[in-house]
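Here's the letter readout for the chains.
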Amino acid sequence: MKQWPAYQALAEYGNEAKQRHLASLFTENPQRFEQFHAKLPGMLFDYSKQNISAEERNSLLELAEQANLKQWIDKLFAGEKINITEDRAAGHVFLRDLTNPKAEVKAEWQKMETLVKRIHSHQLRGFSGKPFTDVVNIGVGGSDLGPLMITHALDDSKLADAPDIHFVSTLDGKQLQSLLKTLNAETTLFVIASKSFTTIDTLSLARTAHEWISSFSQSEQGIKQHFIGLSTNQAKMDEWGLLPDHQLLFWDWVGGRFSMWSTIGLTIALQQGMSGFYAFLQGAHEMDEHFRTTPFEKNVAVLMGLIGIWNINLLGLMGQAILPYDSRMKYLASYLEQLEMESNGKHVTRDGEKVNYRTCPILWGEVGPNAQHAFYQLMHQGTERVMADFILFAKPTDQKPRTVYHHNLNIANCLAQSRALMIGQKGENPHKDYPGGQVSSTILLDTLDARHLGMLIALYEHKVFVQSVIWNINPFDQWGVELGKKIALQILQQIENRDLTDLDASTQGILTNLWKTQNEN
């Protein structure tokens, strides 16, 4: 990255930008908003509160050209094997092309639709003959965070015949055990979601669920009605004992954190119906087409990604706050933490060379009104300079006076915070001095529904891809996840054997004290 001519110009610009106050850009240019926002149907992206000039933006666009971003976008949409470390394509965009779907994708949609209809119409029943009223999704990472986020956000619009949806992911079992106490075994259906169907976190919870159902029924065939599998590994689902018509497939060219567009999104379809699931896919496809065809200077995903490069690599910002001003978006930050940090949290290039620049920022967030009473203090008066994305929805859920009042109050708080972070306020009392100058973008969507959520999530996916191209890293593998899981299996065996051989002093000390405490009880 640093060898490109545009980067050399940006480095000089960055030194200048660090010396100016963000608010001065508005003082110098009253038309700044008009020149620093981009739109597509259903969405506005305002980046006027970023510390960037027109000249600096032009250099960023030149950087994208020198990085061959357009060619990389073409490779993504052509299905080339751009996940070079795993020799795979990254084909999530093919999961949401409703007009011209791949044959295998269409076939799984049809199987998925059949299952959804059977559950909604009460044709699929449990061991006692009762219909299912509750569905528990057992998964971790991409098999949990995406569907959890979407179903929580859309819960107000769930279909009348939809079952209640629950999620469990923690391997300590306590989350599942607490949930089971509230459920009826006769009417509970489990969805086992695992790309490989070998993940110990998921399979251990699935086995606990199976034992729970088995404690109420002696009919093996009846018990099997309570389990559905979602995986790329049909052989492992067969081995586990899942019925053939209770298996939905996806493919190794679908990354886990990009998989909720696949059959991993079954819980979304169960809650919203297949029409709602298709609306979710359609919104994402609209963003795909915008990303693929729109000139970079008007391309929301490209601009969003390049602004991140500017902030991280030229202005030295390494914190990214995600601030949705809608309580229904409670799990957005958790989802984006995985999407961004698992994708771009890399320290070597595609060629395996160590990078000499920063890559992915630390990302965190919370629903805005809650965050105001938590970490906004740091953003307003702390020593860390961070980036923020404010996310707003234009339309209230209804036109009742109190609903409209709360909606406007919410909007006012969002806009007030982004403005206060920008302009700050000088105070004679140093404890009441607000430096300002904190950068932010605002994403305004028309409404919160399946289509607009699809647009929003696809936007962040493409932003991540843009940054990976500039940084010359592979955003589609996650080898850093593997080492800890491998060591965990080794330590589990040593715990079972009470064996401390070859462990470091810290791990030995913790286990020794842990066993001592257990023995005392």
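Source: prediction; values computed, not measured.

What counts and how
- Residues numbered from 1 in each chain as written.
- Predicted model: local features only at pLDDT ≥ 70, side-chain atom pairs only at ≥ 80, totals over all residues.
- Heavy atoms only, no water.
- Pairing = 2+ DSSP bridges.
- Helix = DSSP H or I, 4+ residues; strand = E, 2+ residues; numbered from the N terminus.
- Axes fitted to C-alpha atoms, helices over the stretch in contact; angles between N-to-C directions.
- Contact = heavy atoms within 4.5 Å.
- Polar contact = N/O pair within 3.5 Å; in protein donor to acceptor, adjacent residues only side chain to side chain.
- Parallel < 35°, antiparallel > 145°, perpendicular 65-115°, else oblique.
- Left-handed = near helix turned anticlockwise from the far one by under 90°.
- Nonpolar A, V, L, I, M, F, W, Y, C, P; charged D, E, K, R; others polar.
- Expected span 1.5 Å × (residues − 1).
- Buried < 20%, exposed > 50% of the residue type's maximum accessible area, 1.4 Å probe, protein only.
- UniProt positions renumbered as here; feature names shortened; annotations may be inferred.
- Phe/Tyr/Trp six-rings, centres within 6.5 Å; stacked < 30°, edge-to-face > 60°.
- Lys NZ or Arg CZ within 6 Å of the ring centre and 35° of its normal.

A. Local environment of the sheet that holds strand 11 (residues 439-445). Judged by pairing direction, the sheet is mixed, and its 6 strands sit side by side in the order 1-2-11-10-8-9 without closing on themselves. One side of each edge strand has no neighbouring strand; the edge strands of this open sheet are strand 1 (37-40) and strand 9 (362-365). Ignoring which end each strand starts from, the neighbouring axes of this sheet average 15 degrees apart. Looking at chain direction, strand 8 (residues 319-324) and strand 9 are connected through 4 bridges and run parallel. Looking at the pairing, I322 lines up with G365 of strand 9. Here helix 13 (residues 300-314) sits on the sheet and contacts strand 1, strand 2 (43-46), strand 10 (387-393) and strand 11; the angle it forms with strand 2, its principal contact strand, is near 25 degrees.

B. Geometry of the environment of N137. Relative to the assigned elements, N137 resides in strand 3 (residues 134-138). The spatial distance from the C-alpha of N137 to the C-alpha of V191 is 4.7 Å, given a sequence separation of 54 residues. In contact with N137, other than residues within four places in its own chain, are S143, D144, H166, F167, V168, V191, A193 and T267. A distance of 3.0 Å separates a polar atom in the side chain of N137 from the backbone oxygen of S143.

C. Layout of the packing of helix 13 against helix 18 (residues 450-471). Close contact between helix 13 and helix 18 brings their axes to 8 Å; oriented N to C, the two are set at 50 degrees. Between helix 13 and helix 18, the crossing angle belongs to the class labelled oblique. Considering the relative orientation of helix 13 and helix 18, their crossing is right-handed. Of the residues in helix 18, those touching helix 13 at V300, A301, V302, M304, G305, L306, G308, I309, I312 and N313 are L459, Y460, H462, K463, V466, Q467, I470 and W471. For the contact of helix 13 with helix 18, a count of residues per class yields 12 nonpolar, 5 polar and 1 charged.

D. Summary view of helix 18. Taking 1.5 Å per residue, 22 residues should reach 32 Å; helix 18 reaches 32 Å between its end C-alpha atoms and fits that length. Within helix 18, 21 of the 22 residues are buried, which leaves the element mostly enclosed by the surrounding structure.

E. Region of interest: the UniProt feature "transmembrane region" (unreviewed entry) in the protein. Within this structure's numbering, the places UniProt gives as "transmembrane region" (unreviewed entry) are residues 258-281 and 301-323. In residues 258-281, the share of helix is 67% and the share of strand is 0%. The end C-alpha atoms are 12 Å apart. Taken end to end, residues 301-323 is 61% helix and 22% strand, and its first and last C-alpha atoms sit 18 Å apart.

F. Focus on the packing of aromatic side chains. In this structure the tally under the stated criterion is 15 aromatic pairs. Seen in terms of ring centroids, F77 and F291 are 6.4 Å apart; in terms of plane orientation they differ by 50 degrees. Their pairing is tilted. Of this pair, F77 sits in helix 5 (residues 69-78) while F291 is found in helix 12 (residues 266-293), placing the two residues 214 residues apart along the sequence. For the pair shown, F77 and F291 are each scored as buried. Their ring planes at 50 degrees and their centres at 5.9 Å tell us that F375 and Y376 sit as a pair that is tilted. What makes Y376 buried here is its relative accessible area of 1%. Connected via pairs of aromatic rings, a cluster forms that spans F190, W212, F216, F227 and W240. When the ring centre of F36 is taken as origin, the NZ or CZ atom of R32, which lies over that ring, is 4.1 Å away. Geometry around W253 places K102 over its ring, the cationic atom sitting 5.6 Å from the centre.

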